[in-house]
Amino acid sequence: MSLRRTFPLLRSALSRRAPLSTAPATREQHAAGLEAVQGRGAAEAARPPVPAVDFGNTQEAYRSRRSWELARSLLVLRLCASPALLARHEQLLRLARRLLGQRLFNRLMKMTFYGQFVAGEDQESIRPLIQHNRAFGVGSILDYGVEEDLTPEEAERKEMESCTSASERDGHGTSKREKQFQAHRAFGDRRDGVVSARTYFYASEAKCDSHMETFLRCIEASGGASEDGFSAIKLTALGRPQFLLQFSDVLTKWRRFFHQMAAEQGKAGLAAMDTKLEVAALQESVVKMGIASRMEIENWFTVETLGVSGTLDLLDWGSLIDSRTELSKHLVVPNMQTGQLEPLLSRFTEEEERQMTRMLQRMDVLAKKASEVGVRLMVDAEQTYFQPAISRLTLEMQRRFNVERPLIFNTYQCYLKDAYDNVTLDVELARREGWCFGAKLVRGAYMAQERARALEIGYEDPINPTYEATNAMYHRCLNYVLEELKHNARAAVMVASHNEDTVRFTLCRMEELGLHPADCQVYFGQLLGMCDQISFPLGQAGFPVYKYVPYGPVMEVLPYLSRRALENSGVMKGAQREWQLLWQELKRRLRTGSLFHRPA
């Protein structure tokens, strides 16, 4: 079986999709968006003015917190600031458990790190915290924080087994995937260098079913907790990562082929949405390469598929790869090392194709459940060698489920050099096909690992060169999406950031563009236990804001807690400001006799 059948499987497993590049779909989508914008304008006169948000007013920022909770936050942040302590934190935790015993160790954790970053052990025990935060304007994104506690050797073995095909493992075939999309033993433990994202390793199809059931419980609980809930999923939890690697390789080679053709036509270096190929010149190039006959090529590029412009852009090009025409059997690209034409689509065994199908079916089950209970589903971004496939599969879900409102949100990592191209292409695709665009913007969780892998294996570093460049990219992507929201009331974005400057930038642009928090188009997200001075002032001012709320038994969330401690140490500028504000508020309560403040 070949990856050629991937796209028909996507259509059958994730149902229908709209035709690409059709003017009627564009007009309908803009008409619907315009009607909503006009309705929003009519309602603006009746809205109260948006309250000013002051992130430095500690009395308001910590109104929802008791004094002992402020003291705990101060202690945890101070411990996270100690490099010597963090370097030995795993050994210290094991020692404390041996000395105290399990019961006292659990109590100690709940008084410190666990109590700071985790809501409770099960969905029943976390309900009071969810209700408490909701009373102060902050919603919850439930996240079952349990992770496998694998040794590096176990993680490496699982990764190598699950990321190589049967023929590669048996030694009967060599991978034609590019180096970036092959499994490499030195980076088999994908947790290495990652402090702010959960990592799943493939064990079996039954384990993937178990992960799906966990996600289903989170979706159901989010639906029961509020009318506007979110839930998050990771696709590496739902199937064999070999499929994501192979699919990503296909998509990347096909896009690169487009840019090679653009360079031949003297259009190198243009932004993705500005690059258009002349169809006549493209046909000549394809004939010269011997990919197909002139008659066959003319059947690919018709008025029905591309319109009458005589050009095609990257979105049109992408539609060709899953075309139902005979093009699929001709899908070859030049190998840059050998100069030879090679098949773009690889082969799957029957078992591998069944695994791929089950992965798509699990995605479909989760999306249907989210739709049933009214919960929006955010698909988390992962490593760049998985991400092209993850984004494409998410787009297929959006085509089906984002018909009336943005139910499925794709995640864009703005530390990537191609983040802006990816955002602009997907916004344009949503416009053309008439579905609702939904995005979560993050800076990214895999920077150190991605850079080390690119350097070691020998491909271009996908990460922006500096922290400042990443900030600029984040704001550029965010500004583009906010401009889209101004003209399209059916689109939405989650600004997932602990960066106070980014949140201020968002509030400023919302005011300039006339985006009111009551429109519920712009959401904000932070982790539980971090940046309350951002989350709660936003919530109390009426902005839709959410906390990622992990839960699970103490011993089973220790890997999660280790990452939270390390993440706080890695963002010391923000953590230092948070510590200063916490201390300022605690001193104010001591000075004013309100040390026994009870939130109300």
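Quick look at the structure, then. Along each chain, residue indices are assigned from 1 in the same order as the chain's sequence is written. Per-residue local features are limited, in this predicted model, to residues with pLDDT of at least 70; the limit for side-chain atom pairs, both in listing and counting, is 80 or more; totals at the level of whole chains, interfaces and linings are taken over all residues. With hydrogens and water set aside, each side-chain value is computed from the structure's full complement of heavy atoms.

**Re the overall build of the protein**
When its secondary structure is counted, the protein shows 25 helices and 12 strands. Residues classed as buried in the protein amount to 55% of the 600 residues present. The contact criterion used is simple: two residues touch if any of their non-hydrogen atoms lie within 4.5 Å. A separation threshold of at least 6 residues defines the contact pool for the protein, and within that pool the share at least 24 residues apart is 79%. Carbon together with sulfur atoms contributes 54% to the accessible area of the protein, which is approximately 26000 Å² in total. Only DSSP runs of H or I with at least four residues qualify as helices, and only runs of E with at least two residues qualify as strands; both kinds are numbered from the N terminus onward. Burial status follows relative accessibility: with a 1.4 Å probe on protein chains alone, a residue under 20% of its type maximum counts as buried, one over 50% as exposed, and anything between as partly exposed. In short, Shrake-Rupley with a 1.4 Å probe defines the accessible areas, and a residue's cover is counted only from the protein chains shown.

**Description of the packing of helix H12 (residues 241-264) against helix H17 (residues 350-373)**
For the pair H12 and H17, the least separation of the axes is 9 Å and the interaxial angle reads 90°. What the angle tells us is that H12 and H17 run roughly perpendicular. Judged by residue contacts, Gln242, Phe243 and Leu244 of H12 engage Glu352, Met356, Met359 and Leu360 from H17. Convention adopted: a line fitted to C-alpha atoms gives each axis, helices being fitted over their contacting stretch, and angles between N-to-C directions are expressed from 0 to 180 degrees. Reported orientations rely on four angle classes, namely roughly parallel under 35 degrees, roughly antiparallel over 145, roughly perpendicular from 65 to 115, and oblique for the rest.

**Here's the deal with the pairing of strand E8 (residues 408-413)**
When you tally the buried positions in E8, you get six out of six residues, the bulk of the element. Where burial is concerned, the two faces of E8 agree: the one with Ile408, Asn410 and Tyr412 and the one with Phe409, Thr411 and Gln413 are both buried. By definition, two strands form a pair when at least two bridges between them are found by DSSP. By the bridge criterion, three bridges tie strand E7 (residues 376-379) to E8 in an arrangement that is parallel. Looking across to E8, one finds that Leu377 is bridged to Ile408. For the segment spanning E7, helix H18 (residues 387-401) and E8, crossover handedness is right-handed. For the crossover from E8 across helix H19 (residues 419-433) to strand E9 (residues 438-442), the handedness is right-handed. The path from the first strand over the helix to the second decides the hand: if it runs clockwise while the strands point away from the viewer, the crossover is right-handed.

**A look at the environment of Phe409**
Tracing the backbone shows Phe409 in strand E8. Considered as a pair, Phe409 and Leu441 are 32 residues apart in the sequence and their alpha carbons are 9.8 Å apart.

**Describing the sheet that holds strand E12 (residues 545-551)**
The strand order around the closed barrel formed by eight strands is E1-E2-E7-E8-E9-E10-E11-E12, and the pairing between neighbours is parallel. Direction aside, the axes of adjacent strands within the sheet are offset by 30° on average. Contacting strand E1 (138-144) and E12, helix H8 (residues 127-135) runs over the sheet at an angle of about 150° to E1.

**Notes on the packing of helix H22 (residues 500-513) against helix H23 (residues 532-540)**
Relative orientation of the contacting elements H22 and H23 amounts to 20°, with a least axis distance of 10 Å. Considering the angle they form, H22 stands roughly parallel to H23. Crossing of H22 against H23: the hand is left-handed. Touching Glu500, Val503 and Leu507 of H22 are Gln533, Ile534 and Leu538, all from H23. A crossing counts as left-handed when the near helix is turned anticlockwise from the far one by less than a right angle, and as right-handed when that turn is clockwise.

**A few points about the packing of aromatic side chains**
Aromatic rings considered in pairs are described by the distance between their centres and by the relative angle of their planes. Side-chain rings of Phe, Tyr and Trp, where Trp is taken by its six-membered ring, are said to pair if the distance between their centres is within 6.5 Å; with planes under 30 degrees apart they count as stacked, over 60 as edge-to-face, and otherwise as tilted. One pass over the full model with this rule turns up 16 aromatic pairs. Seen from their ring centres, Phe524 and Phe543 are 6.2 Å apart, and the 80° between their planes marks the pair as edge-to-face. Of this pair, Phe524 sits in strand E11 (residues 522-527) while Phe543 sits in the loop between H23 and E12, and the two are 19 residues apart along the sequence. For the pair formed by Phe524 and Phe543, the shared burial category is buried. Grouped by ring-pair contacts, the aromatic residues Phe230, Phe409, Tyr523 and Tyr546 constitute a single cluster. For a ring to carry a charge above it, either NZ of a lysine or CZ of an arginine must fall within 6 Å of the ring centroid while also lying within 35 degrees of the normal to the ring plane. Residue placement shows Arg453 over the ring face of Tyr385; its charged tip is 3.9 Å from the ring centre.

**Looking at the pattern of salt bridges**
Whenever Lys or Arg places a side-chain nitrogen within 4 Å of a carboxyl oxygen from Asp or Glu, that contact is recorded as a salt bridge. One pass over the structure, following the stated rule, counts 41 salt bridges. Taken together, the shared-partner salt bridges in this structure form one network comprising Glu205, Asp209, Glu351, Arg354, Arg358 and Arg362.

**So, a negative patch on the surface**
What makes a patch is a set of residues exposed beyond 30% relative accessible area and free of salt bridges, joined within 9 Å when like-charged and within 5 Å when nonpolar (Val, Leu, Ile, Met, Phe, Trp, Tyr). Asp and Glu are treated as the negative residues and Lys and Arg as the positive ones, with His and the ends of the chain left uncounted. Working definition for charges: the position is that of NZ of Lys, CZ of Arg, CG of Asp or CD of Glu. On the surface, Glu90, Asp149, Glu153 and Glu154 cluster together to form a negatively charged patch. Mapped onto the secondary structure, Glu153 falls in helix H9 (residues 152-162). Residue Glu153 is classed as exposed on the basis of its relative accessible area, which comes to 58%.

**Topic: the pairing of E1**
Along any regular strand, the residues point their side chains to alternate faces of the sheet. For E1, the tally of buried residues reaches six of seven residues, placing the bulk of the element in the interior. Of the pairings in the sheet, the one linking E1 to E12 comprises seven bridges and is parallel in character. Pairing of Ile141 across the sheet is with Tyr548, part of E12. Two strands pair when backbone bridges link them, and E1 and strand E2 (residues 230-233) are joined in this way by two bridges, in the parallel orientation. Among the inter-strand pairings, Ile141 is bridged to a residue of E2, identified as Phe230.

**Quick word on the environment of Leu360**
Within the fold, Leu360 resides in helix H17. Given a relative accessible area of 0%, Leu360 falls into the buried group. Placed 121 residues apart in sequence, Leu360 and Gly239 show a C-alpha to C-alpha distance of 8.4 Å.

**Some remarks on unusual backbone geometry**
If you check the backbone angles, Cys520 has positive phi at about 55° while not being a glycine. Within the fold, Cys520 resides in the loop between H22 and E11. Accessibility expressed as a relative area gives 36% for Cys520, which makes it partly exposed.

**Structural notes on the nonpolar core**
Among buried residues, the Ala, Val, Leu, Ile, Met, Phe, Trp, Tyr and Cys ones that are joined through side-chain atoms within 4.5 Å form a nonpolar core. Counting 63 residues, the largest nonpolar core has Trp317, Val522, Phe524 and Leu538 as its most contacted members. Those residues in contact with Phe524 that lie beyond four places of it in its chain are Met494, Val495, Val503, Thr506, Leu507, Met510, Leu538, Phe543, Pro544, Val545 and Tyr546. Of all hydrophobic cores here, the second largest spans 35 residues; its members include Phe215, Leu235, Phe243 and Leu251.

**Quick word on a nonpolar patch on the surface**
On the surface, Leu85, Leu92, Leu95, Leu99, Leu100, Leu104 and Leu108 cluster together to form a nonpolar patch covering roughly 580 Å² of accessible area. For the nonpolar patch, the element with the highest residue contribution is helix H6 (residues 89-111), accounting for six residues. Relative to the elements of secondary structure, Leu95 occurs in helix H6.

**So, the side chain of Ser285**
By the element assignment, Ser285 lies in helix H13 (residues 279-289). Residue class for Ser285 comes out buried when judged on its relative accessible area of 16%. A polar side-chain atom of Ser285 sits 3.3 Å from a polar atom in the side chain of Glu264. When residues no more than four places from it in sequence are discounted, the contact partners of Ser285 are Met261 and Glu264. The term polar contact refers here to a pair of N or O atoms within 3.5 Å; inside protein, the definition further demands a hydrogen-donor-capable atom paired with an acceptor-capable atom, and it admits residues adjacent in sequence only when both atoms are side-chain atoms.

Purely geometric stuff here, so don't read any function into it on its own.
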